[in-house]
Protein chains: 2
Amino acid sequence: MTFDAIDKKLLQLLQNDSKQTNKELSNKLNLSVTAVFERIKKLENNGVINKYVALVKKEKVEKSFVAFCHIKLSQHIQEYVVQFEKEVTNLTEVLECHHISGDYDYLLKVMVKDMEAFREFMVEKLTNINHIGSTHSMFVISEVKSTTAIPI
Amino acid sequence: MTFDAIDKKLLQLLQNDSKQTNKELSNKLNLSVTAVFERIKKLENNGVINKYVALVKKEKVEKSFVAFCHIKLSQHIQEYVVQFEKEVTNLTEVLECHHISGDYDYLLKVMVKDMEAFREFMVEKLTNINHIGSTHSMFVISEVKSTTAIPI
DNA sequence: AGTGAAAGTCAACTGTA
DNA sequence: TACAGTTGACTTTCACT
């Protein structure tokens, strides 16, 4: 689907706060409540809006330690790739896993309590996955920017 | 604040779908509607739930190209650091910027339309920021896993 | 695509245990 | 900390422009 200026503004507003009422949105967009309602439904039905979620502050739930892990597989046999991707997806500590270009095959975003929890995660979970060749971890010192809002 | 089993379950539910009604949540948690309401308010007031947002599918808004950029500063003078972090934060294409340990200083998550848009971003925006020493980019070939839900 | 008004549903507040 | 009942506000539908 295509987006006019109002759709774009609406998506930006909803990406920053999905708990606004249609009335509030209608004021910001100079539209009627019903028009806002129908535009939102259209965005939902077309799969543009994937889902609505609550974002939790990691510091409040003892998950302040974030690390990015590079992973190289030992061999790039399809069977190994499929199995690795399946197993890594099942790890709750892994919030993101990207297959990437470059020296390593994968980049993982891992969230745990502290360095000790990260050590445990590496030893007991990640490196227990078969076919991993090598890993290289980077620790997040500070979070400069972090948003889920895609610029439209 | 501390969390009992119900709080944890509630946070998981809301992190996956924040549009459920309190009645639906009350069924899943075997609790009354009011109890659910009060628990949610407590989580919001304590800052555990940071905000509610709509998640947009990047493929639907022509932002299918994701890259991770390593960045090294030319010098680690505080003034340079502050200015770099400020300028990079203002770039809408940069969804995340992490100050990290290791060979490079920063890891950025960048989202644009395609490789050509990425080239433009690099040439016209990113490398125009002062005090950047070197960069190294990795392109996302496929997204194996991506969630905003922190395991509680 | 847009609007205003009607109908149904929910969030939010009150009382009480 | 939990519950049930009340009320105003909201979402959703409908008839119409």
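The shown structure was predicted, so the numbers you read here are calculated from the model rather than taken from an experiment.

Procedures and definitions
- Residues numbered from 1 in each chain as written.
- Chains lettered and ligands numbered in written order.
- Predicted model: local features only at pLDDT ≥ 70, side-chain atom pairs only at ≥ 80, totals over all residues.
- Heavy atoms only, no water.
- Near = heavy atom within 4 Å.
- Polar contact = N/O pair within 3.5 Å; in protein donor to acceptor, adjacent residues only side chain to side chain.
- Contact = heavy atoms within 4.5 Å.
- Buried area = accessible area lost by both parts, 1.4 Å probe.
- Salt bridge = Lys/Arg side-chain N within 4 Å of Asp/Glu carboxyl O.
- Helix = DSSP H or I, 4+ residues; strand = E, 2+ residues; numbered from the N terminus.
- 1 Å grid on protein atoms, 1.4 Å probe; cavity = no way out; pocket = protein on both sides within 12 Å on 5 of 7 lines; lining within 4 Å.
- Points joined across faces, edges and corners; volume = space filled by probe spheres on them.
- Nonpolar A, V, L, I, M, F, W, Y, C, P; charged D, E, K, R; others polar.
- Buried < 20%, exposed > 50% of the residue type's maximum accessible area, 1.4 Å probe, protein only.
- Pairing = 2+ DSSP bridges.
- Phe/Tyr/Trp six-rings, centres within 6.5 Å; stacked < 30°, edge-to-face > 60°.
- Lys NZ or Arg CZ within 6 Å of the ring centre and 35° of its normal.

Draft legend 1. Representation of the protein's contact with DNA strand C. Close contacts around DNA strand C come from Ser32, Thr34, Ala35, Glu38, Arg39 and Lys42 of chain A together with Thr21, Asn22, Thr34, Phe37 and Lys41 of chain B, and that covers them all. Near-protein atoms of DNA strand C (within 4 Å) split between backbone and bases, with sugar and phosphate holding 69%. A distance of 2.3 Å is found between a phosphate oxygen of DNA strand C and a side-chain nitrogen or oxygen belonging to Ser32 of chain A. Measuring from a phosphate oxygen of DNA strand C, one finds a side-chain N or O atom of Arg39 of chain A at 2.6 Å.

Draft legend 2. How the structure looks around the interface of chain A and chain B. Residue-level contacts link 59 residues of chain A with 59 residues of chain B. Summed over both sides, the interface of chain A with chain B buries roughly 5,800 Å², with 60% coming from carbon and sulfur. Summed over the three residues of chain A that lose the most area to chain B, namely Leu55, Val144 and Lys145 of chain A, the buried surface amounts to 12% of that side. At the junction of chain A with chain B, the criterion picks out two salt bridges. Between Glu96 of chain A and Lys109 of chain B there is a salt bridge; the shortest N-O distance is 3.1 Å. Joining chain A to chain B, the criterion identifies 35 residue pairs in polar contact (both at pLDDT 80 or more). Secondary structure elements with two or more residues in the side of chain A that touches chain B: helix 1 (5-16), strand 1 (49-56), strand 2 (65-73), helix 4 (78-89), strand 3 (94-100), strand 4 (106-112) and strand 5 (132-146) of chain A.

Draft legend 3. Quick look at the layout of surface pockets. As a volume, the largest pocket reaches approximately 990 Å³. What lines the largest pocket is a set of 39 residues, and nearest its centre among them are Thr147 and Thr148 of chain A together with Glu96, Thr147 and Thr148 of chain B. In this structure, the second largest pocket encloses a volume near 200 Å³. If you go around the second largest pocket, you meet 13 residues; those closest to its centre are His70 and Tyr104 of chain A together with His70, Tyr104 and His136 of chain B. Of all the secondary-structure elements, those providing two or more residues to the lining of the second largest pocket are strand 5 of chain A together with strand 5 (132-146) of chain B. For the lining of the second largest pocket, the per-class residue count stands at five nonpolar, six polar and two charged.

Draft legend 4. Inspection of the pairing of strand 4 (residues 106-112) of chain B at higher detail. Residue and element names in this part refer to chain B. Across the seven residues of strand 4, seven count as buried, placing the element largely inside the fold. Burial along strand 4 is two-sided: Tyr106, Leu108, Val110 and Val112 and Leu107, Lys109 and Met111, pointing in opposite directions, are all buried. As defined by bridge partners, strand 3 (residues 94-100) adjoins strand 4 across five bridges and the pair is classed as antiparallel. Its bridge partner lying in strand 4, Glu96 is registered against Lys109. Connecting strand 3 to the antiparallel partner strand 4 that follows it, the hairpin turn spans five residues, and Gly102 within it adopts a positive phi of roughly 115°.

Draft legend 5. Spotlight on the pattern of salt bridges. Taken as a whole and judged by the stated rule, the model has 18 salt bridges over all chains. In this structure, Arg39 of chain B engages Asp4 of chain B in a salt bridge whose closest nitrogen and oxygen atoms are separated by 3.0 Å. Here Asp4 of chain B lies in the segment before helix 1 (5-16) and Arg39 of chain B lies in helix 3 (residues 33-45), a separation of 35 residues in the sequence. Residue Arg39 of chain B is joined to Asp7 of chain B by a salt bridge in which the shortest nitrogen-to-oxygen separation is 2.9 Å. Highlighted residues: Arg39 of chain B in helix 3 and Asp7 of chain B in helix 1, separated in sequence by 32 residues. Residues joined in a network through salt bridges with shared partners are Glu96 and Lys109 of chain A together with Glu96 and Lys109 of chain B.

Draft legend 6. Highlighting unusual backbone geometry. Residue and element names in this part refer to chain B. One non-glycine residue, Glu62, adopts positive backbone phi at about 55°. When you line up the elements, Glu62 lands in the loop between strand 1 (49-56) and strand 2 (65-73). Positive phi, close to 75°, is recorded for His131, a residue that is not glycine. Mapped onto the elements, His131 comes out in the loop between helix 5 (115-125) and strand 5.

Draft legend 7. Examining the packing of aromatic side chains more closely. A full pass over the atoms with the stated rule returns 10 aromatic pairs over all chains. Seen in terms of ring centroids, Phe84 of chain B and Tyr106 of chain B are 4.6 Å apart; in terms of plane orientation they differ by 45°. Their pairing is tilted. In this pair, Phe84 of chain B is assigned in helix 4 (residues 78-89) and Tyr106 of chain B in strand 4, connecting sequence segments 22 residues apart. Note on accessibility: Phe84 of chain B and Tyr106 of chain B belong to one class, buried. Relative to Phe121 of chain B, the ring of Phe118 of chain B lies with its centre 6.3 Å away and its plane at 35°, an arrangement referred to as tilted. Of the two residues, Phe118 of chain B and Phe121 of chain B are both situated in helix 5; the distance of three residues between them amounts to about one turn of the helix. Accessibility expressed as a relative area gives 4% for Phe118 of chain B, which makes it buried. Clustering of aromatic rings is evident, with ring pairs tying together Phe65, Phe118, Phe121 and Phe139 of chain A. Seen from the ring of Tyr52 of chain B, Lys19 of chain A lies directly overhead, with NZ or CZ sitting 3.5 Å from the centre.

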